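An overview of the molecular structure
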Amino acid sequence: MRTVITPDGRTLAVEQWGVPGGTPVFSLHGSPMSRLARYPDGGVFSDLGIRLITYDRPGFGSSTPHPGRRVRHAAADVAAIADSLRLDRFAVFGVSGGGPHALACAALLPDRVTRAGTLASLAPRDAAGLDWTAGMAELNQVSAHAAARGRDAVAAHITAAGTAGPPVLPEIERAVLARPDIQDMIGRAFTEAVRPGPTGWIDDVSALFGEPWGFDPEEITHPVRLWHGALDTLVPVSHAHWLAARIPSAELTCDPDTGHAGHFDATPAMLRWLVSTEG
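All of the points below concern the structure found in this document. Just so it is clear, the model here is predicted, and its values are computed rather than measured.

**So, the sheet that holds strand β3 (residues 23–28)**
Picture the strands of a sheet paired through backbone hydrogen bonds; they go either parallel or antiparallel. An order of β1-β2-β4-β3-β5-β6-β7-β8 is seen for the 8 strands of this open sheet, with the pairing classed as mixed. Taken across any chain shown, the strands that pair with only one partner, and hence form the sheet edges, are β1 (2–5) and β8 (250–255). Averaged over neighbouring strand pairs, the angle between their axes works out to 25° when direction is ignored. On the sheet, helix α9 (residues 238–246) packs against β7 (224–229) and β8 and is oriented at approximately 160° with respect to β8.

**Digging into the packing of aromatic side chains**
With the rule as written, the count across this model stands at 4 aromatic pairs. Aromatic pair W132 and F209: ring centres 5.4 Å apart, planes at 75°, arrangement edge-to-face. Taken as a pair, W132 in the loop between β6 (113–119) and α4 (138–149) and F209 in helix α8 (residues 199–210) lie far apart in primary sequence, 77 residues in all. Under the relative-accessibility criterion, F209 is labelled buried at 8%. Across from the ring centre of W17, 4.0 Å away, lies the NZ or CZ of R38, which sits over that ring.

**Description of the pairing of β1**
Pairing of β1 with strand β2 (residues 11–18), which is carried by 4 bridges, proceeds in the antiparallel orientation. Counterpart to T3 in the pairing with β2 is A13. The hairpin formed by β1 and β2 contains 5 residues between the paired strands, and G9 there has a positive phi angle of roughly 90°.

**Some words on unusual backbone geometry**
Note that the residue after S31, namely P32, is joined by a cis bond; omega there is 0°. With respect to the secondary-structure elements, P32 resides in the loop between β3 and α1 (43–47). Positive phi, close to 55°, is recorded for S96, a residue that is not glycine. With respect to the helices, strands and loops of the structure, S96 is situated in the loop between β5 (90–95) and α3 (98–108).

**Considering the packing of helix α2 (residues 73–84) against α3**
Put simply, α2 and α3 touch, their axes get as near as 8 Å, and they point 75° apart. One way to sum up the angle between α2 and α3 is to call them roughly perpendicular. Only H101, A104, C105 and L108 of α3 make contact with α2, whose side of the interface consists of A74, A75 and V78. Residue composition of the contact of α2 with α3, by class: 6 nonpolar, 1 polar and no charged.

Cut-offs and rules
Residues numbered from 1 in each chain as written. Predicted model: local features only at pLDDT ≥ 70, side-chain atom pairs only at ≥ 80, totals over all residues. Heavy atoms only, no water. Pairing = 2+ DSSP bridges. Helix = DSSP H or I, 4+ residues; strand = E, 2+ residues; numbered from the N terminus. Axes fitted to C-alpha atoms, helices over the stretch in contact; angles between N-to-C directions. Contact = heavy atoms within 4.5 Å. Phe/Tyr/Trp six-rings, centres within 6.5 Å; stacked < 30°, edge-to-face > 60°. Buried < 20%, exposed > 50% of the residue type's maximum accessible area, 1.4 Å probe, protein only. Lys NZ or Arg CZ within 6 Å of the ring centre and 35° of its normal. Parallel < 35°, antiparallel > 145°, perpendicular 65-115°, else oblique. Nonpolar A, V, L, I, M, F, W, Y, C, P; charged D, E, K, R; others polar.

Next up, the structure:
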């Protein structure tokens, strides 16, 4: 683990995977996850010559909290990490709740981000014309309703959820998450995420489910690739369609046979595109 101190004095915990001198790609984790979340087969990074960079968003793992953070703040944190690693240009992608944070980098760091991708990303909570919770599983609907009432309501909701045990996910998700390599990685990443307590989780839900992102996806001009499973009920595919209709450079791939966790199988193709010079 490497630590980076931000200009405002916070600590960010960073990990690197794959090829040390390879093409830099930032991978922004879902929620609640940590810097240990990544595609479990590291051979893919080596085969593609990728230097994969992950970090704990504030409040998760070993990164200090950033009270009041919003999605847009991820861009400054990624820039601070890139500065520390002496990286001028890099690609970025995010999974699930990491998707909006990756788009923040694309929008707010136009001179540094080469390409951006999302896998099963949320749309903004204030997305015009989108019924944000339509088709969404109850566990995320409850989170959205709590976020609408403010951070204290989110904290109470997450505390209650922690005592109720893990949620029952649809079978299409359980089938993927039961794979030994994925199960092991997620277990380690989640344990590290909440090790210091629920602050990061509370702040992530507040930022993703209750607040405007702080930037307009229509501002993104770099190539963007979106992937979504059509059977996803954790983040309905309507979110991806909304993003694709508003990001001028976006290309959307919808897999008709997968749900949210299908993003694991979609990751190698996303990585190949991120480091490619072709369209």
